Amino acid sequence: MLPKAVEEGLNKQVAMEAFASQNYLAMACWCDNNALEGCAAFLYHHAEEERMHMMKLVRYINESGGFAIIPAIAQPNLTYENVQQLFESAYQHELKVSKSIDELVDLSDLEKDRQTSTFLQWYVDEQHEEEALYRTLLDKVKLIGIEGRGLYFIDKEVQVLLDIVEAKEAAEG
Ligand code: FEO
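Analysis parameters
- Residues numbered from 1 in each chain as written.
- Predicted model: local features only at pLDDT ≥ 70, side-chain atom pairs only at ≥ 80, totals over all residues.
- Heavy atoms only, no water.
- 1 Å grid on protein atoms, 1.4 Å probe; cavity = no way out; pocket = protein on both sides within 12 Å on 5 of 7 lines; lining within 4 Å.
- Points joined across faces, edges and corners; volume = space filled by probe spheres on them.
- Helix = DSSP H or I, 4+ residues; strand = E, 2+ residues; numbered from the N terminus.
- Nonpolar A, V, L, I, M, F, W, Y, C, P; charged D, E, K, R; others polar.
- pLDDT = per-residue confidence, 0-100.
- Salt bridge = Lys/Arg side-chain N within 4 Å of Asp/Glu carboxyl O.
- Buried < 20%, exposed > 50% of the residue type's maximum accessible area, 1.4 Å probe, protein only.
- Core = buried A, V, L, I, M, F, W, Y, C linked by side-chain atoms within 4.5 Å.
- Contact = heavy atoms within 4.5 Å.

The next thing to look at is the layout of surface pockets. Quantified by volume, the largest pocket comes out at close to 560 Å³. As for the largest pocket, its lining consists of 19 residues, and the residues nearest its centre are Glu-49, Glu-126, Glu-129, Lys-168 and Glu-169. Listing elements by their share of the lining of the largest pocket, those giving two or more residues are helix H2 (37-63), helix H4 (114-144) and helix H5 (150-172). Ranked by residues supplied to the lining of the largest pocket, first place goes to H5 with 7 residues. Tallied by class, residues from the lining of the largest pocket come to 8 nonpolar, 2 polar and 9 charged.

Here is the structure:
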């Protein structure tokens, strides 16, 4: 049985992952409208991944005797000055999610809820990967630069990163 405070914390995380999915979807649309097909493909894929993060939490809450609350979702930001600002925003968002997961682990430890602490370990590992991924992307954007042909090369690099992510997912089944 989930302690009440843990159930509330998990539901807050559901809302955060749901927003993340919409936010990445909006980023994908901005890229699509700015001829950045590789970035758009990467972000569409990531929007799906965030929905999977949300679904995993929803199922866990319900399976554990709690009640998963499907949240209203705020309108995400729709436009960006440039692709560097977009990836900076994505990176900052992932840092926020990591902090939220860490706080949730602390809470489940405090409530002596071992099952939830163990369940959340998957999210801790996932956040480590996501932070690294967006940090890498941001470093590449800064290195290549967004002037002239830079955007073209950034888009190609992001497509390569998506190919790596998809190959890894296929290998993991
Ligand atoms: Fe599900 Fe990117 O945090």
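Any segment with low pLDDT has predicted coordinates that should not be analysed in fine detail. Here the protein chain shows a mean pLDDT of 95. Residues at 70 or above account for 100%. Per-residue pLDDT, averaged within each element of the protein chain, yields its smallest value for H5 (90) and its largest for helix H1 (residues 4-32) (98).

Let's shift gears to the pattern of salt bridges. Inspection of every chain in the model, using the stated rule, returns 6 salt bridges. Two residues, Glu-129 and Lys-168, come together in a salt bridge whose shortest N-O distance is 3.1 Å. With a gap of 39 residues between them, Glu-129 in helix H4 and Lys-168 in helix H5 connect regions that are remote in the sequence. Residue Lys-168 is classed as partly exposed on the basis of its relative accessible area of 38%. The network of salt bridges with shared partners includes Glu-129, Lys-168 and Glu-172.

In this structure, Phe-42, Leu-43, Phe-87 and Tyr-134 are the most contacted members of the largest nonpolar core, which totals 28 residues. If you list the elements that add at least two residues to this core, you get H1, H2, helix H3 (83-110), H4 and H5. For this core, the element with the highest residue contribution is H1, accounting for 6 residues. Beyond its immediate chain neighbours, meaning those up to four positions away, Phe-42 contacts Leu-133, Tyr-134, Leu-137, Val-158, Leu-161 and Leu-162. If you look at the next biggest cluster of nonpolar residues, it comprises 18 residues, including Leu-10, Ala-18, Met-54 and Leu-57.

Another aspect to go through is the environment of Met-52. Mapped onto the fold, Met-52 is located in helix H2. On the basis of relative accessibility, which here comes to 36%, the residue Met-52 falls in the partly exposed class. Along the primary structure Met-52 and Ala-18 are separated by 34 residues, whereas in three dimensions their C-alpha atoms are 9.3 Å apart.

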